Amino acid sequence: MASNRIRNMQRELLSDNWYSLEKITFEYLRDDGVWEKQIREAYDRGNGAAILLYNVEKRKVVLTKQFRMPTYVNGNDDGMMIEVCAGLLEKGNAEETIKMEVEEETGYKIDKVEKVFEAYMSPGSVTEILHFFVGEYKDAMKVSDGGGAADETENIEVLELDFKKAIAMMQNGEIKDAKTIMLLQYAQVQGIMHQ
């Protein structure tokens, strides 16, 4: 983490109740050669992984539905969000983490996933890099009801939806989660359901 455009960086921990929130004061070298003092806050919750589970034969995808407090306090009347399966990285391994999350959240045990891209999800304030995957599921891979890990208070509902319906839900605003929209659009652009 070295840039010749940043100097005199100071970090102050503001909160570490759930993850860490820091106030970062620094000088930034502008294009006109002037050093400018700036102050930002950065929320570090670690990096994560997300996956779109799809079934070509059935033309379906598996999504999850769960309560998300930050959306509730920002105008989502019931706080419920429809999302792809996702989770924070465990030991830095995106592929193994997403396979574990799939089983915990959806009840499917998959062994083959494909990483399709990675992205900073909110680079103005959050440090997270999200690793995006797709993976095909079959009915025979269902090993449990899913619903999330008991110790993580997730209370996840598993949804198996027609791919066209999921796209329509994205277009009409029923699906408002960025990672889900990105993966549904990826699947649409790549023609995953037309293999």
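Residues numbered from 1 in each chain as written. Predicted model: local features only at pLDDT ≥ 70, side-chain atom pairs only at ≥ 80, totals over all residues. Heavy atoms only, no water.

Per an unreviewed UniProt entry, the chain goes by the name GDP-mannose pyrophosphatase and belongs to Flagellimonas halotolerans. Regarding the chain, the UniProt comment filed under Sequence similarities (unreviewed entry) reads as follows: "Belongs to the Nudix hydrolase family. NudK subfamily." If you open the UniProt record of the chain and go to Subunit (unreviewed entry), you find "Homodimer." (UniProt positions renumbered as here; feature names shortened; annotations may be inferred.)

Engineer: Can you lay out the environment of V61 for me, pointing to particular residues and giving the numbers?
Structural biologist: Topologically, V61 is positioned in strand 5 (residues 60-67). For the pair V61 and K165, spaced 104 residues apart in sequence, the C-alpha to C-alpha distance is 9.6 Å. The contacts of V61, once residues within four sequence positions are left out, are L52, L53, Y54, Y137, L159, E160, L161, F163, A166 and M193. (Helix = DSSP H or I, 4+ residues; strand = E, 2+ residues; numbered from the N terminus. Contact = heavy atoms within 4.5 Å.)

Engineer: Outline the pattern of salt bridges, listing residues and values.
Structural biologist: Under the counting rule described, the total for this entry stands at 18 salt bridges. Between R5 and D31 there is a salt bridge, and its shortest N-O distance comes to 2.7 Å. Here D31 lies in the loop between strand 2 (20-29) and strand 3 (35-44) and R5 lies in the segment before strand 1 (6-15), a separation of 26 residues in the sequence. Put simply, K138 and E57 hold a salt bridge, and the shortest N to O gap is 3.5 Å. Remark: E57 occurs in the loop between strand 4 (48-55) and strand 5 and K138 occurs in the loop between strand 9 (129-136) and strand 10 (157-162); sequence separation between them is 81 residues. For K138, a relative accessible area of 30% gives the class partly exposed. In this structure E57 comes out as exposed when scored by relative accessible area, which is 67%. Here the residues in one salt-bridge network are R68, E83, D177 and K179, joined through shared partners. (Salt bridge = Lys/Arg side-chain N within 4 Å of Asp/Glu carboxyl O. Buried < 20%, exposed > 50% of the residue type's maximum accessible area, 1.4 Å probe, protein only.)

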